[in-house]
Amino acid sequence: MTPPGRDGGIPEHPPVTERRLHPVTPFRRAWAPLAVLAGWTVHDPNGAHEQLTRLTGTALLLGLAVLVPAAGLYGFLSWWFTHYAVTDTELRIRTGLLFRRTAHIRLERIQAVDVSRPLLARVAGVAKLRIDVVGTDDKDELAFLGEREARALRAELLARAAGFAPETAHEVGEAPARVLLHVPPRELVRSLLLTGATWGSLGTALVVPAVLWLVTQNVWTVLATALPLFGAAGARSGGRFVTEFDWTVGESPDGLRIDHGLLDRAHETVPPGRVQTVRIVEPLLWRGRGWVRVELDVAGSDNSVLIPVAPRAVAESVVARVLPGVTVPRELSRVPRRARWCVPVWWRGHRLAVTGAVFAARSGLLRRRLSLVPHAKVQSVRLTQGPWGRLWGLADVHVDTGADKTVTARLRDAREAARFLHEQAERSRTGRRTAGPDRWMAQG
């Protein structure tokens with residue numbers, strides 16, 4: 001029962017204190033009117049050019065004199081009418097200049113709170129807070145907050161989501177983290193140079209312009225083709241280097257923390273118990289060095305990379321922290337030899353293993369991908385068999401997870417697949433009954 005107040009009635013709740021974003025935020029919001037103008041220019045370049053040619057210098061200056069203050073006023077008013085507050089049960093975000101919107105985010109449904117710091121935000125000493133909520137695809141965000149305020153609010157939200165009382169959540173602070181893995185820049189560069197996609201893009205950028213030169217003998221055609229191809233090749237590898245620079249994985253009571261980024265720093269959290277699938281990727285050129293890449297499927301989150309590159313033993317030790325009690329299978333069963341009539345050559349890359357904790361399916365011959373799905377995360381199991389597969393007595397088994405992803409064990413013996421279908425359904429039911437609750441931080 002709710003204890004009565006001093007006057008014998010229902011107790012009054014403490015007043016909610018609303019807070020504003022950092023004062024630098026109006027400069028970010030002021031770009032909105034300019035972005036609309038830029039979008040119109042891109043959408044109708046001819047019309048924009050005609051309008052500009054009609055303007056005199058005086059008219060252009062007058063237009064800028066009106067547009068710039070209007071953009072500044074819009075940014076200020078957007079900032080002025082944006083508030084957020086943390087109550088006993090929810091995070092409340094109130095926005096909107098003309099059309100008001102209030103987001104009520106239940107604290108117990110928060111599954112991740114990430115802090116990102118774009119380059120200009122780092123210069124200004126501010127950060128962006130992104131909140132993952134169970135059951136929603138879009139992230140709510142608070143942009144921008146002071147760096148200290150963002151980290152303090154993140155710690156408070158995680159403490160409140162873990163069940164700490166409001167009066168003690170401020171005192172909990174950010175949970176300490178223990179570093180599990182750090183990817184040196186030199187190792188990251190080597191891994192990118194040993195990636196088949198890098199050499200494929202570079203080879204295309206070299207071969208296609210050479211062929212065009214032999215066919216057309218036109219320098220401008222060659223340049224118009226070569227420059228975008230070389231740019232795409234450099235952007236692919238360069239973009240990954242910039243994003244995955246200084247990659248660090250740490251363990252804390254609120255999950256695994258991932259810090260990375262050369263220009264834009266990101267501080268992300270892999271929520272405990274929310275990982276649906278772990279994939280260990282092993283490109284062909286990495287096998288000589290024993291390197292692997294680890295990817296994730298997290299329910300309701302955009303987090304997809306856990307480790308960009310690491311020795312296999314180190315990666316498996318981190319996987320064991322993501323999936324407690326899970327050991328990566330060493331022995332995987334092959335598909336029947338008759339599968340070569342359904343999938344020539346590539347049939348050799350398909351393997352399967354089922355342990356007491358996970359369903360593990362491997363695919364790929366040059367780029368191996370081993371997918372691990374804990375039994376408790378399996379939402380449904382399906383068996384499919386096409387006419388050619390029926391002829392050779394083969395079937396595919398599909399395991400669906402809570403992240404709307406599917407892991408498939410291909411080209412299995414049809415009788416084995418039917419038996420596995422019923423066994424996996426029972427393993428999943430048992431796994432869900434014995435799985436512990438998904439909690440943020442250990443209390444006590």
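Just so it is clear, the model here is predicted, and its values are computed rather than measured. (Residues numbered from 1 in each chain as written. Predicted model: local features only at pLDDT ≥ 70, side-chain atom pairs only at ≥ 80, totals over all residues. Heavy atoms only, no water.)

Chemist: An account of the overall build of the protein chain is needed here, citing residue identities and associated values.
Modeler: The secondary structure content of the protein chain amounts to 13 helices and 20 strands. Burial statistics for the protein chain: of 444 residues in total, 40% are counted as buried. Sequence-distant contacts in the protein chain: of pairs separated by 6 or more residues, those separated by 24 or more amount to 54%. Roughly 24400 Å² of accessible area belongs to the protein chain as shown, and the carbon and sulfur atoms make up 60% of that amount. (Helix = DSSP H or I, 4+ residues; strand = E, 2+ residues; numbered from the N terminus. Buried < 20%, exposed > 50% of the residue type's maximum accessible area, 1.4 Å probe, protein only. Contact = heavy atoms within 4.5 Å. Areas by Shrake-Rupley, 256 points an atom, 1.4 Å probe, with all protein chains shown as cover.)

Chemist: With reference to specific residues and values, describe the pairing of strand β9 (residues 255-260).
Modeler: With 5 of 6 residues buried, β9 lies mostly within the body of the structure. Where strand β8 (residues 248-252) meets β9, 5 bridges bridge the pair, whose relative direction is antiparallel. Opposite V249, over in β9, you have I258 as the bridge partner. Joining the antiparallel neighbours β8 and β9 is a turn of 2 residues. Here β9 folds back onto strand β10 (residues 265-270), and the loop between the two strands holds 4 residues, one of which, G261, carries a positive phi near 120°. (Pairing = 2+ DSSP bridges.)

Chemist: Explain the nonpolar core residue by residue, including any values.
Modeler: Grouped burial of nonpolar side chains is what soluble globular proteins tend to show. Formed by 36 residues in total, the largest nonpolar core has its most connected members in V275, V278, L296, L306, I307 and V322. Secondary-structure elements contributing two or more residues to this core are α8 (185-193), β9, β11 (275-282), β12 (291-298), β13 (305-311), α11 (312-322), β16 (358-363) and β17 (368-374). (Core = buried A, V, L, I, M, F, W, Y, C linked by side-chain atoms within 4.5 Å.)

Chemist: A description of helix α6 (residues 147-161) should follow, citing residues and the corresponding values.
Modeler: The end-to-end C-alpha distance of α6 is 21 Å, a good match for the 21 Å that 15 residues give at a rise of 1.5 Å each. Considered for burial, the residues of α6 that qualify are A150, L153, R154, A155, E156, L157, L158, A159, R160 and A161. (Expected span 1.5 Å × (residues − 1).)

Chemist: A description of the packing of helix α9 (residues 196-216) against helix α10 (residues 219-244) should follow, citing residues and the corresponding values.
Modeler: It is at 9 Å that the axes of α9 and α10 come closest, and there the two elements cross at 180°. Judged by the angle between their axes, α9 and α10 are roughly antiparallel. Residues A197, T198, S201, L202, T204, A205, L206, V208, P209, L212, W213 and T216 of α9 lie in contact with α10, whose contacting residues are V219, T221, V222, T225, A226, L229, F230, A233, R236 and S237. Split into classes, the residues belonging to the contact of α9 with α10 amount to 14 nonpolar, 7 polar and 1 charged. (Axes fitted to C-alpha atoms, helices over the stretch in contact; angles between N-to-C directions. Parallel < 35°, antiparallel > 145°, perpendicular 65-115°, else oblique. Nonpolar A, V, L, I, M, F, W, Y, C, P; charged D, E, K, R; others polar.)

Chemist: Pulling in residues and values, what's your account of the sheet that holds strand β7 (residues 178-182)?
Modeler: One open sheet holds the 7 strands; their spatial order is β6-β5-β4-β10-β9-β8-β7, and the pairing between them is antiparallel. The sheet is open, and its two borders are formed by β6 (140-146) and β7, each paired with just one other strand. Each adjacent strand pair in this sheet contributes to an overall mean axis angle of 20°, direction not counted. The pairing of β7 with β8 spans 4 bridges and is classified as antiparallel. Bridge pairing in β8 places L181 opposite V249. Sheet contacts for α11: β7, β8 and β9; angle to β7, the most-contacted strand, approximately 140°.

Chemist: Run through the sheet that holds strand β18 (residues 378-384), naming residues and quoting values.
Modeler: Across the sheet, which stays open at both edges, the 3 strands sit in the order β18-β19-β20 with antiparallel pairing between neighbours. Strands at the two margins of the open sheet, each flanked by one partner only, are β18 and β20 (406-413). Recorded for the sheet is a direction-independent mean angle of 20° between the axes of neighbouring strands. Against the sheet, helix α13 (residues 414-434) engages β18, β19 (394-401) and β20, with an angle of about 170° to β18.

Chemist: How would you sum up a positive patch on the surface? Please name residues and give values.
Modeler: A cluster of basic residues, R334, R337, R340 and R348, forms a positive patch at the surface. In this structure R337 comes out as exposed when scored by relative accessible area, which is 53%. (Patch = residues over 30% accessible without salt bridge, like charges linked within 9 Å, V, L, I, M, F, W, Y side chains within 5 Å. Salt bridge = Lys/Arg side-chain N within 4 Å of Asp/Glu carboxyl O. Lys, Arg positive; Asp, Glu negative; His and termini not counted. Charge placed at Lys NZ, Arg CZ, Asp CG, Glu CD.)

Chemist: Can you lay out the environment of V294 for me, pointing to particular residues and giving the numbers?
Modeler: Looking at where V294 falls in the secondary structure, it is placed in strand β12. In this structure the C-alpha to C-alpha distance between V294 and I307, which are 13 residues apart in sequence, comes to 4.9 Å. Those residues in contact with V294 that sit more than four places away from it in its chain are V278, R279, V305, L306, I307, A315 and V319.

Chemist: Summarise the side chain of E251; cite the residues concerned and give the values.
Modeler: Tracing the sequence through the fold places E251 in strand β8. Polar contacts involving the side chain of E251 include one to the side chain of R321, which spans 2.7 Å. (Polar contact = N/O pair within 3.5 Å; in protein donor to acceptor, adjacent residues only side chain to side chain.)

Chemist: Quick rundown of the pairing of β11? Include the residues and the values.
Modeler: Taken across its 8 residues, β11 has 8 buried, putting it largely inside the fold. Taken together, the 6 bridges between β11 and β12 define a ladder with antiparallel strand orientation. The partner of I280 across the bridge, within β12, is V294. Pairing of β11 with β17 involves 5 bridges; the strand directions are antiparallel.

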